[in-house]
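Structure assessment
Given next are the chains, with one letter for each unit.
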Amino acid sequence: METKAFQKIYTKITQITKATCSLQATGIGYEEMATVNGRLAQVVKLSGDNVTLQVFSGTEGIPTNAEVVFLGRPPVLKVGEELAGRFFNAYGDPIDGGPAVEGEEREIGGPSVNPVRRKQPSELIATGIAGIDLNNTLVTGQKIPFFADPDQPYNQVMAQVALRAKADKIILGGMGLTNDDYLYYKNVFDNAGALDRIISFVNTTENPPVERLLVPDMALTAAEYFAFDKKETVLVLLTDMTLYADALSIVSNRMDQIPSKDSMPGSLYSDLAKIYEKAVQFPEGGSITIIAVTTLSSGDITHAIPDNTGYITEGQLFLRRDSDIGKVIVDPFRSLSRLKQLVIGKQTRKDHPQVMNAAVRLYADAANAKTKLENGFDLTDYDERTMRFAKEYSNELLAIDVNVDTTFMLDKAWELFGRHFSKAEVSIRQEFVDLYWPK
(Lines give C-alpha, C1' and ligand atoms only; values in the text may rest on other atoms or scores of the structure.)
Protein backbone atom coordinates (compact mmCIF):
# COMPACT_ATOMS: atom_id res chain seq x y z
CA MET A 1 0.00 0.00 0.00
CA GLU A 2 1.31 3.43 -0.94
CA THR A 3 1.39 6.29 1.56
CA LYS A 4 1.20 9.99 0.88
CA ALA A 5 3.75 12.61 1.85
CA PHE A 6 3.14 14.48 5.11
CA GLN A 7 0.71 11.89 6.42
CA LYS A 8 0.30 12.09 10.16
CA ILE A 9 1.81 9.15 12.01
CA TYR A 10 0.22 8.03 15.27
CA THR A 11 2.36 6.22 17.83
CA LYS A 12 0.08 5.79 20.83
CA ILE A 13 -2.15 2.72 20.79
CA THR A 14 -4.55 2.67 23.73
CA GLN A 15 -5.82 -0.91 23.50
CA ILE A 16 -4.75 -4.12 21.76
CA THR A 17 -6.76 -7.35 21.40
CA LYS A 18 -5.97 -10.49 19.38
CA ALA A 19 -7.21 -8.94 16.15
CA THR A 20 -7.79 -5.24 16.79
CA CYS A 21 -6.12 -2.16 18.21
CA SER A 22 -7.57 1.19 19.25
CA LEU A 23 -6.19 4.72 19.32
CA GLN A 24 -7.23 8.35 19.32
CA ALA A 25 -7.27 9.92 15.83
CA THR A 26 -9.23 12.58 13.94
CA GLY A 27 -10.51 12.87 10.38
CA ILE A 28 -10.74 9.10 9.89
CA GLY A 29 -13.39 7.35 7.76
CA TYR A 30 -15.15 4.03 8.34
CA GLU A 31 -13.51 1.11 6.45
CA GLU A 32 -10.44 3.28 5.78
CA MET A 33 -7.23 1.33 5.30
CA ALA A 34 -4.15 1.81 7.48
CA THR A 35 -0.83 0.22 8.34
CA VAL A 36 -0.05 -0.73 11.93
CA ASN A 37 3.64 -1.47 12.46
CA GLY A 38 3.78 -2.22 8.73
CA ARG A 39 0.76 -4.58 8.79
CA LEU A 40 -2.38 -3.86 6.81
CA ALA A 41 -5.45 -2.94 8.85
CA GLN A 42 -8.92 -1.50 8.34
CA VAL A 43 -11.15 0.77 10.42
CA VAL A 44 -14.05 -1.28 11.81
CA LYS A 45 -15.39 1.02 14.52
CA LEU A 46 -15.58 4.76 15.15
CA SER A 47 -16.68 6.32 18.42
CA GLY A 48 -15.89 10.01 18.47
CA ASP A 49 -12.10 10.24 18.14
CA ASN A 50 -11.62 6.65 19.26
CA VAL A 51 -10.75 4.49 16.25
CA THR A 52 -10.68 0.68 16.25
CA LEU A 53 -8.61 -1.03 13.57
CA GLN A 54 -8.86 -4.65 12.50
CA VAL A 55 -5.34 -5.94 11.80
CA PHE A 56 -5.67 -8.62 9.13
CA SER A 57 -2.62 -10.68 10.09
CA GLY A 58 -3.23 -10.36 13.84
CA THR A 59 -1.72 -8.11 16.49
CA GLU A 60 0.86 -10.44 17.98
CA GLY A 61 4.14 -8.56 18.53
CA ILE A 62 2.68 -5.09 17.94
CA PRO A 63 3.85 -2.66 20.67
CA THR A 64 1.72 0.17 22.03
CA ASN A 65 4.07 2.71 20.44
CA ALA A 66 3.80 1.14 16.96
CA GLU A 67 3.50 3.49 13.99
CA VAL A 68 -0.08 3.75 12.67
CA VAL A 69 -0.49 5.40 9.25
CA PHE A 70 -3.96 5.97 7.77
CA LEU A 71 -4.10 5.71 3.97
CA GLY A 72 -7.11 7.99 3.47
CA ARG A 73 -9.24 5.51 1.52
CA PRO A 74 -10.98 2.13 1.80
CA PRO A 75 -9.60 -0.90 -0.07
CA VAL A 76 -9.45 -0.46 -3.85
CA LEU A 77 -9.10 -2.64 -6.91
CA LYS A 78 -7.53 -1.61 -10.19
CA VAL A 79 -9.96 -2.65 -12.91
CA GLY A 80 -9.40 -3.21 -16.61
CA GLU A 81 -9.22 -5.89 -19.27
CA GLU A 82 -5.88 -6.97 -17.78
CA LEU A 83 -7.80 -8.65 -14.93
CA ALA A 84 -8.86 -11.49 -17.24
CA GLY A 85 -6.97 -14.72 -16.80
CA ARG A 86 -5.30 -13.69 -13.56
CA PHE A 87 -5.23 -14.88 -9.93
CA PHE A 88 -5.19 -12.33 -7.10
CA ASN A 89 -5.13 -12.38 -3.31
CA ALA A 90 -7.68 -10.74 -1.02
CA TYR A 91 -6.04 -7.32 -1.52
CA GLY A 92 -6.15 -7.53 -5.32
CA ASP A 93 -2.40 -8.22 -5.64
CA PRO A 94 -1.31 -10.83 -8.23
CA ILE A 95 -0.38 -14.28 -6.88
CA ASP A 96 0.22 -15.95 -10.25
CA GLY A 97 3.66 -14.50 -10.90
CA GLY A 98 2.34 -12.02 -13.46
CA PRO A 99 2.76 -8.23 -13.46
CA ALA A 100 0.65 -5.83 -11.43
CA VAL A 101 -2.54 -4.68 -13.15
CA GLU A 102 -2.63 -1.12 -14.43
CA GLY A 103 -6.07 0.41 -14.50
CA GLU A 104 -8.61 2.66 -12.85
CA GLU A 105 -8.84 2.35 -9.07
CA ARG A 106 -12.32 1.49 -7.79
CA GLU A 107 -13.33 1.39 -4.13
CA ILE A 108 -14.63 -2.02 -3.13
CA GLY A 109 -17.70 -2.73 -1.01
CA GLY A 110 -19.91 -0.01 -2.46
CA PRO A 111 -23.74 -0.06 -2.31
CA SER A 112 -25.87 -2.36 -4.44
CA VAL A 113 -27.67 -1.02 -7.52
CA ASN A 114 -30.71 1.15 -6.88
CA PRO A 115 -33.88 -0.91 -7.61
CA VAL A 116 -35.18 1.71 -10.04
CA ARG A 117 -32.08 1.16 -12.18
CA ARG A 118 -32.58 -2.60 -12.37
CA LYS A 119 -34.31 -4.65 -15.00
CA GLN A 120 -36.34 -7.72 -14.06
CA PRO A 121 -34.13 -10.78 -14.66
CA SER A 122 -35.28 -12.29 -17.93
CA GLU A 123 -32.31 -13.87 -19.72
CA LEU A 124 -31.33 -17.53 -19.51
CA ILE A 125 -27.86 -18.30 -18.16
CA ALA A 126 -26.97 -21.91 -18.90
CA THR A 127 -24.56 -23.59 -16.49
CA GLY A 128 -23.96 -26.68 -18.58
CA ILE A 129 -24.98 -28.92 -15.66
CA ALA A 130 -28.08 -30.89 -16.61
CA GLY A 131 -29.56 -31.11 -13.12
CA ILE A 132 -29.61 -27.31 -12.97
CA ASP A 133 -30.54 -26.35 -16.50
CA LEU A 134 -33.38 -28.89 -16.75
CA ASN A 135 -35.08 -28.62 -13.34
CA ASN A 136 -33.78 -25.38 -11.80
CA THR A 137 -32.92 -23.11 -14.69
CA LEU A 138 -31.03 -19.96 -13.71
CA VAL A 139 -31.61 -16.41 -14.90
CA THR A 140 -29.11 -13.60 -15.34
CA GLY A 141 -29.18 -11.31 -12.33
CA GLN A 142 -30.20 -14.16 -10.01
CA LYS A 143 -28.52 -15.04 -6.71
CA ILE A 144 -28.57 -18.68 -5.61
CA PRO A 145 -26.45 -20.89 -3.33
CA PHE A 146 -25.29 -24.48 -3.48
CA PHE A 147 -26.06 -26.16 -0.13
CA ALA A 148 -23.62 -29.03 0.36
CA ASP A 149 -22.03 -31.11 3.10
CA PRO A 150 -18.30 -30.39 3.55
CA ASP A 151 -17.32 -33.81 2.17
CA GLN A 152 -19.07 -33.23 -1.16
CA PRO A 153 -17.07 -32.09 -4.22
CA TYR A 154 -18.53 -28.59 -4.37
CA ASN A 155 -15.27 -27.02 -5.58
CA GLN A 156 -15.23 -29.44 -8.50
CA VAL A 157 -18.84 -28.50 -9.23
CA MET A 158 -17.99 -24.79 -9.20
CA ALA A 159 -15.03 -25.39 -11.51
CA GLN A 160 -17.30 -27.23 -13.96
CA VAL A 161 -19.83 -24.38 -13.85
CA ALA A 162 -17.00 -21.95 -14.59
CA LEU A 163 -15.93 -23.94 -17.63
CA ARG A 164 -19.41 -24.68 -19.03
CA ALA A 165 -21.43 -21.55 -18.21
CA LYS A 166 -22.52 -19.35 -21.09
CA ALA A 167 -21.10 -16.08 -19.72
CA ASP A 168 -18.64 -13.46 -20.97
CA LYS A 169 -16.70 -13.38 -17.70
CA ILE A 170 -16.47 -15.82 -14.78
CA ILE A 171 -15.20 -14.37 -11.48
CA LEU A 172 -14.18 -16.78 -8.73
CA GLY A 173 -14.02 -15.67 -5.11
CA GLY A 174 -12.32 -18.43 -3.10
CA MET A 175 -12.39 -18.13 0.69
CA GLY A 176 -10.45 -20.50 2.91
CA LEU A 177 -9.38 -22.73 0.03
CA THR A 178 -6.81 -25.39 0.74
CA ASN A 179 -3.70 -25.19 -1.40
CA ASP A 180 -4.89 -28.35 -3.17
CA ASP A 181 -8.20 -26.66 -4.06
CA TYR A 182 -6.41 -23.51 -5.22
CA LEU A 183 -4.06 -25.53 -7.46
CA TYR A 184 -7.04 -27.58 -8.67
CA TYR A 185 -8.86 -24.46 -9.89
CA LYS A 186 -5.70 -23.09 -11.45
CA ASN A 187 -4.83 -26.31 -13.29
CA VAL A 188 -8.41 -26.96 -14.46
CA PHE A 189 -8.79 -23.44 -15.87
CA ASP A 190 -5.35 -23.51 -17.47
CA ASN A 191 -5.72 -26.97 -19.02
CA ALA A 192 -9.15 -26.09 -20.41
CA GLY A 193 -7.77 -22.99 -22.12
CA ALA A 194 -10.43 -20.89 -20.40
CA LEU A 195 -8.25 -18.45 -18.46
CA ASP A 196 -8.98 -15.59 -20.84
CA ARG A 197 -12.51 -15.21 -19.40
CA ILE A 198 -11.88 -16.20 -15.76
CA ILE A 199 -10.70 -13.93 -12.93
CA SER A 200 -9.91 -15.36 -9.50
CA PHE A 201 -9.54 -13.80 -6.05
CA VAL A 202 -8.23 -16.37 -3.58
CA ASN A 203 -7.74 -16.60 0.17
CA THR A 204 -6.19 -19.90 1.24
CA THR A 205 -5.98 -21.61 4.62
CA GLU A 206 -2.41 -20.30 4.91
CA ASN A 207 -3.66 -16.70 4.82
CA PRO A 208 -5.23 -14.95 7.83
CA PRO A 209 -8.94 -15.91 8.05
CA VAL A 210 -9.99 -12.26 8.43
CA GLU A 211 -8.71 -11.53 4.91
CA ARG A 212 -11.62 -13.61 3.59
CA LEU A 213 -13.89 -10.65 4.30
CA LEU A 214 -12.30 -8.73 1.41
CA VAL A 215 -12.68 -11.46 -1.21
CA PRO A 216 -16.40 -11.11 -2.11
CA ASP A 217 -16.08 -7.33 -2.42
CA MET A 218 -13.02 -7.67 -4.65
CA ALA A 219 -14.82 -10.19 -6.88
CA LEU A 220 -17.99 -8.09 -7.09
CA THR A 221 -16.08 -4.86 -7.83
CA ALA A 222 -14.49 -6.60 -10.81
CA ALA A 223 -17.93 -7.95 -11.78
CA GLU A 224 -19.47 -4.46 -11.68
CA TYR A 225 -16.76 -3.16 -13.98
CA PHE A 226 -17.38 -5.80 -16.65
CA ALA A 227 -21.17 -5.84 -16.26
CA PHE A 228 -21.83 -2.09 -16.10
CA ASP A 229 -18.91 -0.55 -17.98
CA LYS A 230 -18.44 -3.29 -20.58
CA LYS A 231 -22.08 -4.51 -20.78
CA GLU A 232 -21.00 -8.14 -20.35
CA THR A 233 -22.74 -11.15 -18.80
CA VAL A 234 -20.81 -11.91 -15.62
CA LEU A 235 -21.13 -14.99 -13.41
CA VAL A 236 -19.65 -14.69 -9.90
CA LEU A 237 -18.80 -17.92 -8.06
CA LEU A 238 -18.23 -17.60 -4.30
CA THR A 239 -16.93 -20.50 -2.22
CA ASP A 240 -17.28 -21.04 0.71
CA MET A 241 -19.70 -18.54 2.30
CA THR A 242 -19.72 -20.56 5.53
CA LEU A 243 -16.01 -19.80 5.95
CA TYR A 244 -16.75 -16.15 5.16
CA ALA A 245 -19.35 -16.12 7.94
CA ASP A 246 -16.89 -17.82 10.29
CA ALA A 247 -14.47 -14.94 9.65
CA LEU A 248 -17.25 -12.49 10.53
CA SER A 249 -17.73 -14.41 13.76
CA ILE A 250 -14.02 -14.24 14.57
CA VAL A 251 -13.98 -10.46 14.21
CA SER A 252 -17.23 -10.06 16.15
CA ASN A 253 -16.02 -12.19 19.05
CA ARG A 254 -12.66 -10.45 19.25
CA MET A 255 -14.44 -7.11 19.44
CA ASP A 256 -16.46 -8.46 22.39
CA GLN A 257 -19.77 -8.15 20.55
CA ILE A 258 -22.66 -10.22 21.90
CA PRO A 259 -23.10 -13.24 19.59
CA SER A 260 -26.42 -14.17 18.07
CA LYS A 261 -27.69 -17.60 16.94
CA ASP A 262 -24.98 -20.27 16.48
CA SER A 263 -22.27 -17.84 17.65
CA MET A 264 -22.77 -15.70 14.55
CA PRO A 265 -22.78 -11.89 14.74
CA GLY A 266 -26.15 -10.17 14.97
CA SER A 267 -25.37 -8.43 11.66
CA LEU A 268 -25.07 -11.72 9.73
CA TYR A 269 -28.20 -11.15 7.63
CA SER A 270 -27.05 -7.67 6.57
CA ASP A 271 -23.50 -8.85 5.93
CA LEU A 272 -24.72 -11.60 3.60
CA ALA A 273 -27.37 -9.43 1.93
CA LYS A 274 -24.74 -6.78 1.14
CA ILE A 275 -23.02 -9.39 -1.02
CA TYR A 276 -25.96 -11.20 -2.60
CA GLU A 277 -27.86 -8.03 -3.49
CA LYS A 278 -25.06 -7.12 -5.91
CA ALA A 279 -26.70 -9.55 -8.35
CA VAL A 280 -28.37 -7.42 -11.01
CA GLN A 281 -29.65 -7.24 -14.58
CA PHE A 282 -28.92 -3.80 -16.06
CA PRO A 283 -31.49 -2.31 -18.48
CA GLU A 284 -28.71 -1.23 -20.87
CA GLY A 285 -27.26 -4.74 -21.01
CA GLY A 286 -24.81 -6.53 -18.78
CA SER A 287 -25.62 -8.56 -15.69
CA ILE A 288 -24.16 -10.06 -12.52
CA THR A 289 -25.34 -13.52 -11.50
CA ILE A 290 -24.12 -14.98 -8.20
CA ILE A 291 -23.74 -18.68 -7.43
CA ALA A 292 -22.30 -19.34 -3.96
CA VAL A 293 -21.44 -22.39 -1.90
CA THR A 294 -22.75 -22.69 1.66
CA THR A 295 -21.48 -25.79 3.41
CA LEU A 296 -23.78 -27.37 5.98
CA SER A 297 -22.78 -28.71 9.37
CA SER A 298 -24.10 -32.30 9.49
CA GLY A 299 -26.76 -31.31 6.96
CA ASP A 300 -28.28 -28.77 9.37
CA ILE A 301 -30.37 -26.45 7.22
CA THR A 302 -31.56 -24.53 10.31
CA HIS A 303 -28.07 -23.22 11.15
CA ALA A 304 -27.86 -19.43 11.08
CA ILE A 305 -25.79 -19.29 7.89
CA PRO A 306 -28.02 -21.33 5.52
CA ASP A 307 -31.12 -20.03 7.32
CA ASN A 308 -30.25 -16.39 6.64
CA THR A 309 -29.02 -17.23 3.15
CA GLY A 310 -32.38 -18.79 2.26
CA TYR A 311 -34.21 -15.56 3.11
CA ILE A 312 -31.94 -13.50 0.86
CA THR A 313 -31.45 -15.65 -2.23
CA GLU A 314 -33.86 -16.75 -4.94
CA GLY A 315 -33.79 -20.47 -4.33
CA GLN A 316 -31.12 -23.03 -3.53
CA LEU A 317 -29.35 -25.98 -5.16
CA PHE A 318 -28.80 -29.05 -2.98
CA LEU A 319 -25.96 -31.42 -3.69
CA ARG A 320 -26.27 -34.98 -2.39
CA ARG A 321 -24.74 -38.34 -3.20
CA ASP A 322 -27.20 -40.75 -4.82
CA SER A 323 -26.58 -44.18 -3.31
CA ASP A 324 -28.11 -45.97 -6.31
CA ILE A 325 -25.65 -44.59 -8.87
CA GLY A 326 -22.78 -43.57 -6.57
CA LYS A 327 -22.65 -40.04 -8.00
CA VAL A 328 -23.33 -36.56 -6.65
CA ILE A 329 -26.55 -35.15 -8.07
CA VAL A 330 -28.52 -31.93 -7.87
CA ASP A 331 -31.42 -33.07 -5.67
CA PRO A 332 -34.67 -32.29 -7.56
CA PHE A 333 -36.76 -32.36 -4.37
CA ARG A 334 -34.81 -29.90 -2.22
CA SER A 335 -33.54 -27.65 -5.02
CA LEU A 336 -35.48 -24.66 -6.28
CA SER A 337 -34.91 -21.77 -8.67
CA ARG A 338 -37.62 -19.22 -7.95
CA LEU A 339 -37.01 -17.38 -11.22
CA LYS A 340 -36.96 -20.30 -13.65
CA GLN A 341 -40.52 -19.63 -14.83
CA LEU A 342 -39.23 -16.41 -16.42
CA VAL A 343 -37.27 -18.35 -19.04
CA ILE A 344 -38.38 -21.99 -19.29
CA GLY A 345 -40.76 -22.50 -22.20
CA LYS A 346 -39.92 -18.97 -23.38
CA GLN A 347 -36.18 -19.04 -24.07
CA THR A 348 -36.04 -22.82 -24.01
CA ARG A 349 -38.22 -25.32 -25.86
CA LYS A 350 -41.97 -24.86 -25.33
CA ASP A 351 -42.42 -28.25 -23.71
CA HIS A 352 -39.70 -27.62 -21.12
CA PRO A 353 -42.11 -26.99 -18.18
CA GLN A 354 -44.19 -30.07 -18.98
CA VAL A 355 -41.17 -32.38 -19.38
CA MET A 356 -39.59 -31.02 -16.18
CA ASN A 357 -42.79 -31.49 -14.15
CA ALA A 358 -43.41 -35.00 -15.47
CA ALA A 359 -39.85 -36.09 -14.77
CA VAL A 360 -39.96 -34.83 -11.18
CA ARG A 361 -43.36 -36.47 -10.58
CA LEU A 362 -42.11 -39.83 -11.84
CA TYR A 363 -38.95 -39.40 -9.74
CA ALA A 364 -41.18 -38.80 -6.71
CA ASP A 365 -43.15 -41.97 -7.53
CA ALA A 366 -39.83 -43.83 -7.57
CA ALA A 367 -38.98 -42.46 -4.12
CA ASN A 368 -42.32 -43.74 -2.82
CA ALA A 369 -41.67 -47.14 -4.41
CA LYS A 370 -38.24 -47.30 -2.76
CA THR A 371 -39.83 -46.56 0.62
CA LYS A 372 -42.33 -49.40 0.06
CA LEU A 373 -39.47 -51.76 -0.80
CA GLU A 374 -37.49 -50.79 2.30
CA ASN A 375 -40.54 -51.46 4.48
CA GLY A 376 -41.21 -54.92 3.01
CA PHE A 377 -44.24 -54.12 0.84
CA ASP A 378 -44.79 -55.75 -2.53
CA LEU A 379 -44.03 -53.58 -5.54
CA THR A 380 -46.31 -53.20 -8.54
CA ASP A 381 -45.03 -53.30 -12.09
CA TYR A 382 -45.38 -49.51 -12.21
CA ASP A 383 -43.27 -49.18 -9.02
CA GLU A 384 -40.48 -51.23 -10.53
CA ARG A 385 -40.55 -49.20 -13.73
CA THR A 386 -40.38 -45.92 -11.83
CA MET A 387 -37.33 -47.15 -9.90
CA ARG A 388 -35.56 -48.13 -13.13
CA PHE A 389 -36.48 -44.74 -14.59
CA ALA A 390 -35.17 -42.89 -11.51
CA LYS A 391 -31.82 -44.65 -11.69
CA GLU A 392 -31.36 -43.78 -15.37
CA TYR A 393 -32.70 -40.27 -14.82
CA SER A 394 -30.23 -39.63 -11.98
CA ASN A 395 -27.31 -41.08 -13.91
CA GLU A 396 -27.99 -39.36 -17.22
CA LEU A 397 -29.67 -36.07 -16.29
CA LEU A 398 -29.16 -35.19 -12.62
CA ALA A 399 -25.51 -36.13 -12.04
CA ILE A 400 -23.13 -33.19 -11.96
CA ASP A 401 -20.79 -34.83 -14.46
CA VAL A 402 -23.43 -34.74 -17.21
CA ASN A 403 -22.63 -32.03 -19.74
CA VAL A 404 -25.41 -31.53 -22.29
CA ASP A 405 -27.46 -28.63 -23.63
CA THR A 406 -31.09 -28.03 -22.78
CA THR A 407 -32.51 -29.37 -26.05
CA PHE A 408 -30.64 -32.66 -25.67
CA MET A 409 -31.78 -32.93 -22.04
CA LEU A 410 -35.42 -32.59 -23.03
CA ASP A 411 -35.00 -35.15 -25.81
CA LYS A 412 -33.27 -37.49 -23.36
CA ALA A 413 -36.11 -37.13 -20.85
CA TRP A 414 -38.63 -38.00 -23.56
CA GLU A 415 -36.54 -41.05 -24.45
CA LEU A 416 -36.60 -42.20 -20.81
CA PHE A 417 -40.38 -41.66 -20.63
CA GLY A 418 -40.96 -43.75 -23.73
CA ARG A 419 -38.66 -46.51 -22.49
CA HIS A 420 -40.52 -47.08 -19.23
CA PHE A 421 -44.04 -45.63 -19.43
CA SER A 422 -47.08 -45.28 -21.62
CA LYS A 423 -48.38 -41.91 -22.78
CA ALA A 424 -51.20 -42.10 -20.25
CA GLU A 425 -48.81 -42.79 -17.36
CA VAL A 426 -46.65 -39.80 -18.25
CA SER A 427 -49.77 -37.63 -18.68
CA ILE A 428 -48.12 -34.68 -20.39
CA ARG A 429 -50.31 -32.24 -22.33
CA GLN A 430 -51.57 -33.93 -25.47
CA GLU A 431 -50.14 -31.48 -28.00
CA PHE A 432 -46.61 -32.14 -26.72
CA VAL A 433 -47.20 -35.89 -26.63
CA ASP A 434 -48.25 -35.79 -30.28
CA LEU A 435 -45.31 -33.58 -31.21
CA TYR A 436 -42.42 -35.13 -29.29
CA TRP A 437 -43.31 -38.65 -28.14
CA PRO A 438 -40.66 -41.10 -29.46
CA LYS A 439 -41.93 -43.23 -32.32
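Here is what the cut-offs are and how they apply
- Residues numbered from 1 in each chain as written.
- Predicted model: local features only at pLDDT ≥ 70, side-chain atom pairs only at ≥ 80, totals over all residues.
- Heavy atoms only, no water.
- Helix = DSSP H or I, 4+ residues; strand = E, 2+ residues; numbered from the N terminus.
- Rg over C-alpha atoms; globule rule 2.2 N^0.38 Å.
- Buried < 20%, exposed > 50% of the residue type's maximum accessible area, 1.4 Å probe, protein only.
- Contact = heavy atoms within 4.5 Å.
- Areas by Shrake-Rupley, 256 points an atom, 1.4 Å probe, with all protein chains shown as cover.
- Lys, Arg positive; Asp, Glu negative; His and termini not counted.
- Charge placed at Lys NZ, Arg CZ, Asp CG, Glu CD.
- UniProt positions renumbered as here; feature names shortened; annotations may be inferred.
- Pairing = 2+ DSSP bridges.
- Axes fitted to C-alpha atoms, helices over the stretch in contact; angles between N-to-C directions.
- Parallel < 35°, antiparallel > 145°, perpendicular 65-115°, else oblique.
- Left-handed = near helix turned anticlockwise from the far one by under 90°.
- Nonpolar A, V, L, I, M, F, W, Y, C, P; charged D, E, K, R; others polar.
- Salt bridge = Lys/Arg side-chain N within 4 Å of Asp/Glu carboxyl O.
- Core = buried A, V, L, I, M, F, W, Y, C linked by side-chain atoms within 4.5 Å.

**Some words on the overall build of the chain**
Each helix and strand in the chain was counted, giving 12 helices and 19 strands. Compactness check: the chain gives a C-alpha radius of gyration of 25 Å against a globular reference of 22 Å for 439 residues, within 12% of the reference. Overall, the chain is about 80 × 50 × 40 Å in size when its C-alpha atoms are taken along their principal axes. Across the 439 residues in the chain, those meeting the buried criterion constitute 55%. Sequence separation of at least 24 residues holds for 73% of the intrachain contacts in the chain that already meet a minimum separation of 6. Counting every atom, the chain has about 19000 Å² of accessible surface; 48% of that belongs to carbon and sulfur. In the chain, 46 positive and 58 negative side-chain charges are present, and the distance between their average locations comes to 3 Å.

**Some points on the UniProt feature "domain: ATP synthase A/B type C-terminal" (unreviewed entry) in the chain**
Per the UniProt record, the feature "domain: ATP synthase A/B type C-terminal" (unreviewed entry) sits at residues 346-435. Along residues 346-435, the helical share is 73% and the strand share 0%, with 17 Å between the first and last C-alpha atoms.

**Topic: the pairing of strand β14 (residues 233-239)**
The side chains of a regular strand alternate between the sheet's two faces. Within β14, 6 of the 7 residues are buried, leaving the element largely enclosed by the surrounding structure. Bridging between strand β12 (residues 169-177) and β14 involves 6 bridges; their strand directions are parallel. Following the sheet pairing, Leu172 is matched in β14 by Leu237. Of the pairings in the sheet, the one linking β14 to strand β16 (residues 287-295) comprises 6 bridges and is parallel in character. From the neighbouring strand, Thr233 faces β16, where its bridge partner is Ser287.

**Structural notes on the packing of helix α8 (residues 352-374) against helix α10 (residues 406-420)**
The description of two packed helices rests on the angle between their axes and on the distance between the axes. Relative orientation of the contacting elements α8 and α10 amounts to 45 degrees, with a least axis distance of 10 Å. For the element pair α8 / α10, the angle class is oblique. You can see that α8 and α10 cross each other, and the crossing is left-handed. Across from His352, Val355, Ala358, Ala359 and Leu362 in α8, the residues of α10 making contact are Thr406, Leu410, Ala413, Trp414 and Phe417. Per-class residue counts for the contact of α8 with α10 are 8 nonpolar, 2 polar and no charged.

**Here's the deal with the environment of Lys18**
Residue position: Lys18 is located in the loop between β2 (13-16) and β3 (20-24). On the accessibility criterion, Lys18 (65% relative accessible area) is exposed. Each C-alpha atom, one on Lys18 and one on Asn114, is 38 Å from the other, the two residues being 96 residues apart in sequence. Setting aside chain neighbours within four positions, we find Lys18 in contact with Gly58, Thr59 and Arg254.

**A few points about the pattern of salt bridges**
If you walk through the whole model with that rule in mind, you get 21 salt bridges. Glu314 is the partner of Lys143 in a salt bridge, and the nearest nitrogen-oxygen pair spans 2.8 Å. You can see Lys143 sitting in strand β11 (residues 143-148) and its partner Glu314 sitting in the loop between α7 (304-312) and β17 (315-322), a full 171 residues away along the chain. When the shortest N-O distance is used, the salt bridge between Asp365 and Arg361 registers 3.6 Å.

**Regarding the nonpolar core**
One broad trend across soluble globular proteins is that nonpolar side chains are buried collectively. Counting residues in each nonpolar core, the largest one holds 55 residues, and the members touching the most others are Ile171, Phe201, Val236, Leu238 and Met241. Considering every element that reaches this core, the biggest residue donor is helix α4 (residues 215-229), with 9 residues. Not counting chain neighbours up to four residues away, the residues in contact with Ile171 comprise Ile199, Phe201, Ala219, Ala222, Ala223, Val234, Leu235, Val236 and Leu237. Ala148, Tyr154, Leu237 and Ile400 belong to the second largest nonpolar core, which has 35 residues in total.

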